Each structure stands twice: as structure tokens, then as C-alpha cells.
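Spelled out, the chains give:
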Amino acid sequence: MFTRIIASRSASMPLAHRAAATRLPAQWQGRRAFSTPKSLVWQGGLKDLLRVSEEVADAVATNKPVVALESTIYTHGAVEDLGLEEIVRANGGVPAVVGVLDGVPSVGLLPHEIDRMCQGSPKKVSRRDVAFIVGKGLMGEKMNGGTTISGTMLLARLAGIRVFGTGGLGGVHRGGHNSLDISADLTELGRTRVAVVCSGSKGFLDIPRTLEYLETQGVLVSTFSDSGAPKIDFPAFWARESGIPSPSVVYNEREAAAMILAQERLQIETGLLFASPIPHEFEIPRQEMDSIIDQAVRESQEQGAHGNENTPFILKRIKELTGGRSVPANKALVQSNVDRAAKIAAAVSQIVAGDIPVSHIKPVTPQRSSIAVQPGKASTSEKADIIVAGSVAVDLSCDYASGSSDGSVAPNLHTSNPAQISQSIGGVGRNVALAAHRANSSSKVKLCSLIGDDLAGSTVLTSLETCGMDTSLVRRLDIKQYPGSRTAQYVAVNDANKNLVMAMADMGIFTAQSFPAHWHEIMSTAAPKWLVVDANWSDVDIRSWITAAKDNNKARVAFEPVSLEKSTRLFSATKNLSPLGVFPDASVHLASPNQYELKAMHDAAQAADYFEPQPWWNVLDAFGLRGARDQFVRLTSVEITDAGIPQQMVRLLPYIPTIITKMGSKGALLASILPRDDPRLFDAAHEPYILSRSTSSPDHHTQVGGLYMRSFPTVEQVADVVSVNGVGDTFLGVLVAGLAQGGKMEDLVDVAQRGAVMTLRSAESVSPRLGELEKELAYLSSLAKR
């Protein structure tokens, strides 16, 4: 999981990665500007000792946003999970927890490694301690350590990370001009070029002398002015105001990103400090804090708490004197800082990639994002291999944290349950599109979706762009013009084994609005090979998408059912819908339901009389099924046959000629109608999977050659599940990525299953490792073309 860092890494970096890491804004082309960070040359004595996770190393090399996180917040801070890594990922970034594990300095620690690091008595590791603890490790004494701000900056800089989000900065202690009690954080900022986002210095420190010391060290200090005021105070951690003016003001994350890159371009090696005041609702006013701090400091002096004992003593007393109010304030400010750090990191990546023209960055009061595509403004001029028409949403995943003695794994109804809650950007359409994009970077994948003109919509756009996705077809709707157009949100409740218990989805934006003429324009201009439609749209819009694809004769349609309730929309009983074609003129070519969605689709089709028209009967009669149960059992199992899965698939095949039913631990079941000239009918290797052969004459109604049914066992039983979110979406995205290259369906199912396994083991709803499948998909495509 970790990559050993060596001096030649930047030279041996794949060409595509090097190109991505060195793309410049157009006006800076030809100048030595923002290339791969200098630290990727791995200067310094730690170059052969530092471990960087594969995800972080790849993100640095390919210009993805990365945010460093200190580990003392885990080893010596609050015991509760602050969800900092999830906050970074929700902004489209890669979190990089920095620490020392088993004597090895590491960047990008995984959750189980953080747990190991916190066991026993981990050391607090500042710059001065790094050589000591690492040297001990080299001699076999493997100690763990949580890095402070200075230790984190040092290792983050070596790993090529530009931005670091944390809580509060150390500083000059009161009386420090006599005692020289000055935090190593300040001297680190004076020598290490990393941007630190924090809520200022803790209020019990000498803030004026702290700022003076930072000025002496040549450190840029700038405070975010969310109100747009030109003059504001440097914050005092729990209080937004300290009474001390900030040396300078920054108005938005893009402006901060430009400063970071200017520092890098000018080769100024000092750090940058961006102060982000605590959110208003959690602030403890300055006047109140001053008296509490004075008492805590006085007591620390009276009781002789000096040196390393001073800060812990004062923090404990402040907690007691505020009646515990400092604890939620601490949590809120560090979460806010990390959120801001992730947005800054995303802006840095966008500037480096040339997506944000530098000349457009101006010191003005922050406005709502202008990077979104407004209604009717979407660009449809570019061709695409795959268009995914579906949802994008802000996802909340609630994993039940069982603490009961009976070992129950399911949450209790009608009461509050302990849980680990994380936020990310998801949505079925977004997940399918991102999976296809990551599995085949050479294909042009476009997501067509809707978002609101709100903060969640801005977050969604930033996340999509950070992932490298094309957002030109993501339409942003003004809530005044389109009432109810809030950005979609999805909440999943999972049991202790990460299996879905229930979910709640607010996807009203996709059913409240309809732009059928625009859907047709997109399909006509982009002329994709595949269109994926998810069932979050209304039944009318699902048909509009399908009709638009049929009018563009080259496009094949895949239907993603989404859920039990929404899966039935394909077979809606609504009158005056354009009819669904049947084989060989089917309107939908592929569907990938799970076994429960399959039954819902089947029952909806039956209830709405889709199994009554004569064309459906003609195709079904042409299957030539005789003794079907024995054949179903032979190709699947008694259990699967008794559940009615193959029977339901067969009855739906006239409308959807290829269906892949996902059956969890039982794998996947593929069923397809084979045309009369299909090579599989004449290939001995496929003979075991021929369910039946047609004996009808080859007229227009009976161009059926036979039925193909094949069971695919799971490629792996996964015990270390991280999250089930997006697993089915990943399966379909990888599958369509292979089909768009010309791969054969039966060759791609296992590859798609492996992609799903990667997502099962990922905290993200689409695994960032899917690129590992790209070469295999290309190989299978080349085989299919022979």
C-alpha cells in the first residue's frame, strides 16, 4: 500500500503523469512556473526512509488536490472521530495523514494504521524528534509517533504536498521574551514551504509577539475575510477576534491558491499561514475567553506547569472553566479549517491545470461559484464515447458502530444509534461516469446531470472537476426560476458490516424539471457509443433519453435501476409515453439490476401489461424453451431458480436483450438474446451456456438465434469491506468502459466485478484504483476485434 520514495521517482514517472503534473495556464506556457513540486526530487536525508501511500504519491504526481493532516490530533487529541479525511474527500481531495508508524515516517496513513499508531504510548513528534524516533526504528526499536505541526510540515514537504489543514498554531508563550518558550511551529514556518490553514494561535499565547516572530521569519500571514471587510483581526482560536490586526487579508480560496503558487514560482522557501476564524456559531467571545485564559495561565504558573506540561495544563483548565464548551468549539474549528484547506488544494490543482485563468483571480468578496454551467449554456459541441445521464448528489454514509455485548450488527429502530458518519460526493450517474472515466482514461466520458445554485452545487462541481471529469453538461438551475431545484442529497444507513440497511434520497431536482429538447441536442451532437440512463429521472425523461438515443442510431442504451421503487419507472404505466421497442429493435440494450430490482422491474412490467403485446409474444415464442426449469438449474442453481431470477430475466429480455443480475455473494448472472448470426451459437467454448436455440423461421419477428445464460461466481469474498456505497455503480461503469472499446460482454463481467471489489475496499464511492484495469480492458478489446 505504500511506495518507497527514491531520488529518481520524478524521472521515472509515467509520461502521462508527468504531463498532468506540469500543465500550465496558457499565459504561462514556455515559462518555468508550476511544475512538479521541487520536493519530488526528494532532497534531504529522509529520501530513502519516507513512505508515501500509493494514493497520495499518485495524487501528487498527477496534480490532484492533497491535504496533509497532522496525527497528534489522533494520538494526543480528542478521542472521537473528527471525520477530517471524509471532509477532504468530500471536496474532491486526497487526505494524507502524516505520522511515524513502527519507526517509519509515513505520509498517507490508512485508518487501520492510524489505529495501530495510537496504541500504547505514541510519542509527540516535532522536527527535533524525527531523527531520534526514526533512528531507533532503524536499530529495531519500532516506536509510533503523532506528528505536530512542525513534524507534519517537514514530512509533507518531502512528499510534495502544498497544503496542510489543522486546528491551532503554536506560538510565543506569555513571558516568552524571557523564557524563550517559543513553539517549533513558528521556526518550521520560517524554513519549510507548506501552506498551513488554522484558526490562529491559541488565545493563551502572546499573539502580538507570535506575529512579530513570524514576520522576522519571513512568513506570510493572512486571515480570511469571509465578510469582505478589508481590515480584520488575526483570530484567537476560540474567538474570531484577538484585538490584533491581521498583517494581511485573503478573500477566497482561489486567491490563497495563487499566493501558494506565487511563493513556489518565486522559490521562496518559507511557509504560508492562512488564518481561518472559527465558525460564528461555535465562537466563545473574546471578552469571556480573556478572563478564563488569564485564570488558567495564572494557575499554571502557580502550579509550576512549564515546558511541555504548560499547554496541556492550560487546555484542561480552559475546558473546565468553559463548562466543556471549548470541546465542540475545538471540533468545529478544525473541521472548518480542513474543509477550507481542501478547497484551497483544489484551487491550486485547477490553476496548475489551467482550468482557472490566473488573470481572473481578484481580491473581491467571495461570490457564488461562477464555474458552473447555467441552464441552456451547456456546451454540446464535443463528441463523446459515453454519456451518463443521471444523478449527482452529496452523500452521507452512516455506519452503525455496535457497542452492544450481544454482538448485534444492525442498528435499532425508533432510537438513536452510535455511528461513524462520513460525507462525500456521489450519485448513481456520477459514480458510473467516474468509474468509466477511471477505468478507461482514453475514452471521452461526459456526465449529464442537474444541480442547484447552492453551496452543495458548488461543492459538487469542484469535486467533479478535481476528479478530472467533464462538467460541461452539468446544468445549474436557479431556484427562483426552477423552484425546488436543490442539489440532490442521499443518506445511507449501514449495519456494522457496512451492508445497506436503508437509504433516504432527496432527488427531486431530477423529477421536477425536464429538458427533453436539450437531451436530444446532446445525443445528436455528442453521438456517443453508449448512453447510460439512471432511474432517478422521471418516467417521462427516461423515455425522452431513450428516444434521443434511438434517434442517434449509433448509441446503445444501458439502464441503471438505482432502487426498488425507481427501477419500475422504465416500465411505467403512464399513458402517452413513447413505446419501448422489442428485439431486434429494442430501445434498451443492457440493464444491471440486483435481484430485488429485477423482481420489481418484472412485476411492474407485468402489472402495466408489457407482457401482453403480440411482438413480445413473438420473441418469447422464438426462444424455443423446452424443459426450462432443468436448464435453469443446470446453468444457475436450485436456489436461484426457485427464487425466480432466471425466469424473470427471460421474460424481460425482449425489451432488454442483455441483462446482468447482481446477486451479491452469489456473483452475477448474465442472460442475452443471441441473433441468428451470433458467433457464440457456433463456438464450442460457449456451448455450455446456450440455454436454448430458436427453431423459428428467420422473419422480422423471430430473428432470435438462441438464449445465452452464464453464471459468474464472485471473483473474491471480501472480508475487509470499507464501504458498500457505489459498488454496483462501479460495476456498470467499468463494464460500459469496456463495451465502449469494443469488448465482449462475457469477457468483461469479471473485470467489472474486480472493479466493484476495489470500491468495496475504498472509502470513496468509486475506487481511485480503477485505472489498474485499463490495460486489461484494452487487451480484451483487442481480442474482440480479431
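Residue numbers run consecutively from 1 along every chain, following the written order of its sequence. Confidence filtering applies because this is a predicted model: local features only for residues at pLDDT of at least 70, side-chain atom pairs given and counted only at 80 or more, and all residues used for totals across whole chains, interfaces and linings. Heavy atoms from the whole structure form the basis of all side-chain values; hydrogens and water molecules are not counted.

Within an unreviewed UniProt entry, the label attached to the chain reads Indigoidine synthase A like protein-domain-containing protein, and the organism entered is Microdochium bolleyi.

Trainee: How would you explain the side chain of Asn431 if you had to name every residue and give the values?
Mentor: Numbering of helices and strands starts at the N terminus; helices are DSSP runs of H or I of at least 4 residues and strands are runs of E of at least 2. Relative to the elements of secondary structure, Asn431 occurs in helix α16 (residues 428-439). Here the term buried applies to any residue with accessible area under 20% of the maximum for its type, exposed to any over 50%, and partly exposed to those in between, with areas from a 1.4 Å probe on protein chains only. Residue Asn431 is classed as buried on the basis of its relative accessible area, which comes to 3%. Pairs of residues are marked as contacts when any of their non-hydrogen atoms sit within 4.5 Å. Look past the residues within four positions of Asn431 in its chain and what remains in contact with it is Ile425, Gly426, Gly726, Asp729, Ser765 and Val766.

Trainee: Summarise the sheet that holds strand β13 (residues 386-389); cite the residues concerned and give the values.
Mentor: Two strands qualify as a pair provided DSSP detects at least 2 bridges between them. On the basis of which strands lie adjacent, the open sheet formed by 10 strands has the order β17-β16-β13-β20-β21-β22-β23-β24-β26-β25 and mixed pairing. Of all strands in the sheet, those with a lone pairing partner are β17 (474-477) and β25 (690-693), marking the two edges. Between the N-to-C directions of two axes lies an angle of 0 to 180 degrees, each axis being a line fitted to C-alpha atoms and, for a helix, fitted only over the stretch in contact. Strand contacts of helix α24 (residues 628-635): β25 and β26 (704-712), with the helix running at about 150 degrees to β25, the strand carrying the most contacts. Those strands touched by helix α27 (residues 727-740) are β13, β20 (530-534), β21 (556-560), β22 (590-591) and β23 (658-662), and its axis lies near 165 degrees from that of β20.

Trainee: Please give an account of the pairing of strand β24 (residues 668-675) that cites residues and values.
Mentor: Within β24, 7 of the 8 residues are buried, which leaves it mostly tucked inside the rest of the structure. If you look at the hairpin formed by β23 and β24, you'll find 5 residues sitting between the two strands, and Gly664 has a positive phi there, around 65 degrees. Where β24 meets β26, 8 bridges bridge the pair, whose relative direction is antiparallel. Counterpart to Ser672 in the pairing with β26 is Tyr708.

Trainee: Go over the environment of Asp233 with me, naming the residues and quoting the values.
Mentor: Assignment of secondary structure puts Asp233 in the loop between β10 (220-224) and β11 (249-250). Sequence spacing of Asp233 and Ser246 is 13 residues, and the spatial spacing of their C-alpha atoms is 5.0 Å. Excluding residues within four positions of it along the chain, Asp233 makes contact with Thr223, Arg240, Glu241, Ser242, Gly243, Ile244, Pro245 and Ser246. N or O atoms within 3.5 Å of each other form a polar contact, as long as, within protein, one can give a hydrogen and the other can take it, and as long as residues adjacent in sequence are counted only when both atoms are side-chain atoms. A distance of 3.4 Å separates the side chain of Asp233 from the backbone nitrogen of Ser242, its partner in a polar contact. Within the structure, the side chain of Asp233 is placed 2.7 Å from the backbone nitrogen of Gly243, a separation counted as a polar contact.

Trainee: Explain the environment of Asn440 to me, using residue names and the numbers behind them.
Mentor: Inspection of the secondary structure assignment puts Asn440 in the loop between α16 and β16 (445-452). Look at Asn440 and you get buried, because its relative accessible area is 2%. The sequence separation of Asn440 and Leu777 amounts to 337 residues, and the corresponding C-alpha distance is 7.7 Å. With residues near it in sequence (within four places) discarded, Asn440 still touches Ala737, Gln741 and Glu774.

Trainee: Could you give an account of the confidence of the model for the chain, with specific residues and numbers?
Mentor: Note: predicted coordinates in regions of low pLDDT should not be interpreted at a detailed level. What pLDDT reports is the predictor's confidence in each residue, on a scale of 0 through 100. Of all residues in the chain, 87% attain a pLDDT of 70 or more, and the chain-wide mean is 84. Mean pLDDT across the elements of the chain bottoms out in helix α1 (residues 9-12) (32) and peaks in β22 (98). This model gives residues 1-47 a pLDDT under 50, and the stretch forms 104 contacts once residues within four places in sequence are excluded. Per-residue pLDDT stays below 50 along residues 360-381; that stretch engages in 50 contacts with residues further than four places along the chain or on separate chains.

Trainee: Pulling in residues and values, what's your account of helix α23 (residues 614-622)?
Mentor: Turning to α23, its buried residues number three or more, namely Trp616, Asn618, Val619, Leu620 and Ala622. Considering only its buried residues, α23 is in contact with α26 (645-652), β24 and β26. Looking one or two residues past α23, Gly624 carries a phi angle of roughly 65 degrees, positive in sign.

Trainee: Tell me about the packing of aromatic side chains, and please be specific about residues and values.
Mentor: Ring pairs shown here join Phe, Tyr and Trp side chains whose ring centres sit within 6.5 Å, with only the six-membered ring taken for Trp; geometry is labelled stacked below 30 degrees between planes, edge-to-face above 60, and tilted in between. Scanning the entire structure with this criterion turns up 14 aromatic pairs. Note on Phe237 and Trp238: the rings are 4.7 Å apart at their centroids and 90 degrees apart in plane angle, and the pair reads as edge-to-face. As far as the burial class goes, Phe237 and Trp238 line up, both buried. One aromatic cluster in this structure is built from Tyr482, Phe510, Phe515, Trp519, Trp537 and Trp545. Placement of a charge over a ring requires the Lys NZ or Arg CZ to be within 6 Å of the ring centre, with the centre-to-atom vector within 35 degrees of the ring normal. The cationic tip of Arg475 hangs over the ring face of Phe515; the distance from NZ or CZ to the ring centre is 4.1 Å.

Trainee: With reference to specific residues and values, describe unusual backbone geometry.
Mentor: Here the residue pair Phe583 and Pro584 is connected by a cis peptide bond, since its omega of 10 degrees sits within 30 degrees of zero. With respect to the helices and strands, the residue Pro584 is situated in the loop between α21 (564-567) and β22. For Ala527, which is not a glycine, the phi torsion comes out positive at approximately 45 degrees. Note on placement: Ala527 falls in the loop between α19 (516-526) and β20. Assessed through its relative accessible area of 27%, Ala527 is described here as partly exposed. At Asn576, a position not held by glycine, the phi torsion is positive, near 70 degrees. When you line up the elements, Asn576 lands in the loop between α21 and β22. For Asn576, a relative accessible area of 82% gives the class exposed.

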